[in-house]
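A look at the structure
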Amino acid sequence: MSSGGKVRRTVVIGLRCPAYDRTVHVDVCGLDIAFERTGTGPAVVLAHGFVGDARSTWGHQIEALVFHRHRRLISSLTLVGGYAGWLGSLGLEESEQRLTRSLEASRLHPDEFVATMAPSMFSDSADSRLVAPFLDSVRAFHPDGFRAMARASYADQRYVLAEVDVPTLLVYSDRDVRAPVSLGEDIHREVPGSELVVLAGPGHVSTVEAPNDVTRELRRFLRSVESPLA
């Protein structure tokens, strides 16, 4: 999210070669979406959660995917610690509490904001050297943008699950207190043909805390959905 609170940043990786690295913008229903483009060829879109930014969340995976080619990709979906919206996955009471806590946190000083959010993002054994850059990006949050992301996260998205008709990988972590494995099991039951992988050890932001494990599973999955006819 940008300092103006209107830009939703993500990364689009072209997996053929690291030919260029630039940011482009597209307007979607009045929302300015900023895509950081890296490489050329078939695209993998990496979208971050409601705190942090794309580079701090997916940095290890970006580097790995750019330099390891997957040239025959077909449409697919991967969720890492995802929800069917808070309301769809957590129920009314917990969703209301989470939204209230998020709106209250948005009014905190950046250092207090990090201190409030960080404990639920990582396990107690997380390597501080891996976590620090992510927390720096969290510290740079914009209150208006964070409030918008929290409200968007609240909505019930369960109706979407049965409509997913592409290969889907679900990655959850056994020490995630924000999106526990039971949420992944619920989504796994609702998304036809999905695959559920449970990582041992990390907390919610497993892309940062266990980057090698997430990258391994993501690359394995991408290889599995490559089309031999493309």
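Structure first, text after, so check above.
A few points on the structure. (Residues numbered from 1 in each chain as written. Predicted model: local features only at pLDDT ≥ 70, side-chain atom pairs only at ≥ 80, totals over all residues. Heavy atoms only, no water.)

If you walk through the whole model with that rule in mind, you get four aromatic pairs. With a centroid separation of 3.8 Å and 10° between ring planes, the pair formed by Phe113 and Phe141 is classed as stacked. Separated by 28 residues along the polypeptide, Phe113 in helix H4 (residues 110–117) and Phe141 in the loop between helix H5 (128–139) and helix H6 (143–154) bring together distant segments of the chain. Residue Phe113 shares its accessibility class with Phe141, and that shared class is buried. One aromatic cluster is present, built from ring pairs that chain together Phe113, Phe141 and Phe146. The positively charged end of Arg98 is found above the aromatic ring belonging to Trp86, 5.7 Å away from the centroid. (Phe/Tyr/Trp six-rings, centres within 6.5 Å; stacked < 30°, edge-to-face > 60°. Helix = DSSP H or I, 4+ residues; strand = E, 2+ residues; numbered from the N terminus. Buried < 20%, exposed > 50% of the residue type's maximum accessible area, 1.4 Å probe, protein only. Lys NZ or Arg CZ within 6 Å of the ring centre and 35° of its normal.)

With that out of the way, let us pick up the nonpolar core. Within the largest apolar cluster, 34 residues are counted, with the highest numbers of intra-cluster contacts made by Phe50, Val51, Phe113, Phe122 and Phe134. Of all the secondary structure elements, the ones that give two or more residues to this core are helix H2 (85–90), helix H3 (92–105), H4, H5, H6, strand E6 (168–173) and helix H8 (181–190). Setting aside anything within four residues of it in sequence, one finds Val51 in contact with Phe113, Met117, Met121, Phe134, Val138 and Phe146. Listed in part, the seven residues of the second largest apolar core include Leu169, Val214, Phe221 and Val225. (Core = buried A, V, L, I, M, F, W, Y, C linked by side-chain atoms within 4.5 Å. Contact = heavy atoms within 4.5 Å.)

Attention now moves to the pattern of salt bridges. Counted under the stated rule, the structure contains 12 salt bridges. Between Asp127 and Arg129 there is a salt bridge, with its nearest N and O atoms 2.9 Å apart. Looking at Asp127, the relative accessible area reads 28%, which means it is partly exposed. Residue Arg129 is classed as exposed on the basis of its relative accessible area of 68%. For Arg189, the salt bridge goes to Asp186, with nearest N and O atoms at 2.3 Å. Note that Arg189 and Asp186 are positioned in helix H8 at a spacing of three residues, about one turn of the helix. (Salt bridge = Lys/Arg side-chain N within 4 Å of Asp/Glu carboxyl O.)

For the rest of this paragraph, the subject is the pairing of strand E7 (residues 195–199). Sheet analysis places E6 next to E7, joined by five bridges and oriented parallel. Residue pairing in the sheet places Leu170 in a bridge with Leu196 of E7. With H8 bridging E6 and the parallel E7, this β-α-β connection has right-handed handedness. (Pairing = 2+ DSSP bridges. Right-handed = clockwise from strand over helix to strand, strands pointing away.)

Following both chains from N to C, one finds H4 and H5 inclined at 125°, their axes separated by 9 Å at the closest point. Taken together, the axis directions place H4 and H5 in an arrangement best described as oblique. Once H4 is placed against H5, the crossing between them reads as right-handed. From H4, Pro110, Asp111, Phe113 and Val114 reach across to H5, where they touch Leu135, Val138 and Arg139. (Axes fitted to C-alpha atoms, helices over the stretch in contact; angles between N-to-C directions. Parallel < 35°, antiparallel > 145°, perpendicular 65-115°, else oblique. Left-handed = near helix turned anticlockwise from the far one by under 90°.)

Now for H3. Each full turn of the α-helix corresponds to 3.6 residues, which orients residues three or four apart in the same direction. The first and last C-alpha atoms of H3 sit 20 Å apart over 14 residues, in line with the 20 Å expected at 1.5 Å per residue. Ser95, Arg98, Leu99, Ser102, Leu103 and Ala105 are the residues of H3 that are buried. With its buried residues spanning 160° around the axis, H3 presents them on a single face. Looking at the buried positions of H3, the neighbouring elements they touch are H2, H4 and H6. (Expected span 1.5 Å × (residues − 1). Arc of directions from axis to C-beta.)

Interpretation in functional terms is not warranted from these geometric data alone.
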